[in-house]
Amino acid sequence: MTERVTLITGASAGIGTELARVFASNGHRVALVARRGDRLATLADEIVAGGGAVPIVIACDLEQPDAGDRIAAILAAEGVEVDYVVNNAGFGMFGRAVDRDRAEQLGMIDLNVRTLTELSLRFSDSLIRHRGGILNLASIAGFLPGPGMAVYYASKAYVLSFTEALRAELAQHGVRVTALCPGPVPSEFQSRAGFLPGVDSVILNVTPADVAQQGYRGLMANKRTVIPGLGVKIVPFLLRLFPRGFILAAVARLQLRRR
């Protein structure tokens, strides 16, 4: 039988690293994808030392148009098939969209939207064959308009909508599809986005390891969405109680005064 692997993008840091650890500890062989090959190699060594199967390490810039082809070619050369896709890679940028670098924001769309979509669809035949699953990292931001991080919030709204729709389409084939929607999580995300973790991160107090564990359990239980942390879970409910304009103004006040 062809060996199966779980493909995990953005595995070199934060939630992605923790997801790799969780999947490996639950008996999955993982294929780790990120730009920083040295970090992936260190993580692979850790997984092997812990008794896990030898990971496949794929150092690859996922913003590049040929990233999907490169990943598929390496997996084919290894003689494996994908039974789970974990689209974790992504980044945000803080600041007014009109003031930030346009090319970098388009690169954010390439990574957060295009690559996630491509990998979800590219391996769909394999996922159907093995009755596997897709775990897409959305965000609580996907439920909101996001002045101050306009492109990032919009990209996560896409991820949430796409994941829910794909879930409905693949349900008849026995494929699990779950959107993981964390709130603020202390990680390298904030430094790349251009701001420091605020009081919201302290109050909500959800670690990358917590997010990964809940995401894995939610996917295996075939949940539509997973929102880690009690404080964050209330956000979608509260959004039903207030007009969209009120929410927009509130987010703008919070985000645009942030440094």
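Refer to the structure above for everything that follows.
Residues numbered from 1 in each chain as written. Predicted model: local features only at pLDDT ≥ 70, side-chain atom pairs only at ≥ 80, totals over all residues. Heavy atoms only, no water.

Chemist: Just give me the short version of the overall build of the protein, but keep the residues and values in it.
Modeler: A tally of helices and strands in the protein yields 11 helices and 7 strands. For the protein, whose C-alpha radius of gyration is 18 Å, the value lies close to the compact-globule estimate of 18 Å for 259 residues. Along the longest, intermediate and shortest principal axes, the C-alpha atoms of the protein span 55 × 40 × 35 Å. In the protein, which comprises 259 residues, the proportion classed as buried is 51%. For the protein, the computed accessible surface area is about 12000 Å², with 56% contributed by carbon and sulfur atoms. Within the protein, the 23 negative side-chain charges are centred at a point lying 9 Å from the centre of the 28 positive side-chain charges. (Helix = DSSP H or I, 4+ residues; strand = E, 2+ residues; numbered from the N terminus. Rg over C-alpha atoms; globule rule 2.2 N^0.38 Å. Buried < 20%, exposed > 50% of the residue type's maximum accessible area, 1.4 Å probe, protein only. Areas by Shrake-Rupley, 256 points an atom, 1.4 Å probe, with all protein chains shown as cover. Lys, Arg positive; Asp, Glu negative; His and termini not counted. Charge placed at Lys NZ, Arg CZ, Asp CG, Glu CD.)

Chemist: Could you give an account of the packing of helix α4 (residues 102–122) against helix α6 (residues 150–170), naming the residues involved and the relevant values?
Modeler: Running from N to C, α4 and α6 cross one another at 10°; their axes reach a closest spacing of 9 Å. Viewed along their axes, α4 and α6 adopt a mutual orientation that is roughly parallel. In this structure, α4 uses Q105, M108, I109, N112, V113, L116, T117, S120 and L121 to contact α6, whose residues at the interface are V151, Y152, S155, K156, Y158, V159, F162 and L166. Its residues assigned to classes, the contact of α4 with α6 shows 11 nonpolar, 5 polar and 1 charged. (Axes fitted to C-alpha atoms, helices over the stretch in contact; angles between N-to-C directions. Parallel < 35°, antiparallel > 145°, perpendicular 65-115°, else oblique. Contact = heavy atoms within 4.5 Å. Nonpolar A, V, L, I, M, F, W, Y, C, P; charged D, E, K, R; others polar.)

Chemist: Let's hear about the pattern of salt bridges: which residues, and what values?
Modeler: Throughout the structure, instances matching the rule amount to 9 salt bridges. Linked by salt bridges that have partners in common, D69, D110, R114, E118 and R122 make up one network. (Salt bridge = Lys/Arg side-chain N within 4 Å of Asp/Glu carboxyl O.)

Chemist: Describe the packing of aromatic side chains, naming the residues involved and giving the relevant values.
Modeler: Considering all chains together, one arrives at 5 aromatic pairs under this definition. Between F23 and Y216, the aromatic rings sit 4.8 Å apart at their centres with planes inclined by 90°, giving edge-to-face as the arrangement. With F23 in helix α1 (residues 14–25) and Y216 in helix α9 (residues 208–220), the pair connects residues that are 193 residues apart, well separated along the chain. With a centroid separation of 5.0 Å and an interplanar angle of 20°, the aromatic rings of F242 and F246 are classed as stacked. An aromatic cluster of three or more residues is present, and its members are F23, Y84 and Y216. (Phe/Tyr/Trp six-rings, centres within 6.5 Å; stacked < 30°, edge-to-face > 60°.)

Chemist: Break down the sheet that holds strand β7 (residues 225–226) for me, citing the residues and quoting the values.
Modeler: Strands in a sheet are paired, the pairing made by backbone hydrogen bonds, and the direction either parallel or antiparallel. One open sheet holds the 7 strands; their spatial order is β3-β2-β1-β4-β5-β6-β7, and the pairing between them is parallel. Among the strands making up the open sheet, the edge pair consists of β3 (56–59) and β7. The pairing of strand β1 (residues 3–9) with strand β4 (residues 80–87) spans 6 bridges and is classified as parallel. Each residue of the ladder has a partner; that of E3, found in β4, is V80. Contacts between α1 and the sheet are confined to β1, β2 (30–34), β4 and β5 (133–137), with β1 contributing the most and set at about 160° to the helix. Along the sheet, helix α3 (residues 67–77) contacts β1, β2, β3 and β4; its crossing angle with β3, the most-contacted strand, is approximately 155°. (Pairing = 2+ DSSP bridges.)

Chemist: Let's hear about the side chain of N87: which residues, and what values?
Modeler: Relative to the assigned elements, N87 resides in strand β4. Taking the relative accessible area as the measure of exposure, N87 reaches 3% and is therefore buried. A distance of 2.8 Å separates polar atoms of two side chains, one belonging to N87 and the other to N136. Contacts of N87, omitting those with residues within four sequence positions, involve T9, T115, L116, L119, S120, I134, L135, N136 and L137. (Polar contact = N/O pair within 3.5 Å; in protein donor to acceptor, adjacent residues only side chain to side chain.)

Chemist: Can you break down the nonpolar core residue by residue, with the values?
Modeler: Grouped together as the largest cluster of nonpolar side chains are 46 residues, with contacts concentrated most on L7, I71, L75, V82 and F123. It is α6 that contributes the most residues to this core, 8 residues altogether. Contacts of F123, omitting those with residues within four sequence positions, involve L7, I71, A72, L75, V82 and V85. (Core = buried A, V, L, I, M, F, W, Y, C linked by side-chain atoms within 4.5 Å.)

Chemist: Can you lay out helix α11 (residues 244–256) for me, pointing to particular residues and giving the numbers?
Modeler: With 13 residues, α11 should cover 18 Å at 1.5 Å per step; its first-to-last C-alpha distance of 18 Å lies within 8% of that length. Taken together, the buried positions of α11 are I247, V251, A252 and Q255. In an axial view of α11, the angular spread of the buried residues amounts to 135°, which keeps them on one side of the axis. (Expected span 1.5 Å × (residues − 1). Arc of directions from axis to C-beta.)

Chemist: Describe helix α2 (residues 37–49), and please don't skip the residues or the numbers.
Modeler: In an α-helix there are 3.6 residues to a turn, and that puts residues three or four apart on one side. A rise of 1.5 Å per residue sets the reference length of α2, with its 13 residues, at 18 Å; its end C-alpha atoms lie 18 Å apart and thus fit the reference within 8%. For α2, the set of buried residues is L40, L43, A44 and I47. All buried residues of α2 lie within an arc of 105° about the axis, which places them on one face of the element. Away from the buried face of α2 by more than 90 degrees, exposed residues D38, T42, D45 and A49 are located. One or two steps after α2, the chain reaches G51, where phi turns positive at roughly 95°.

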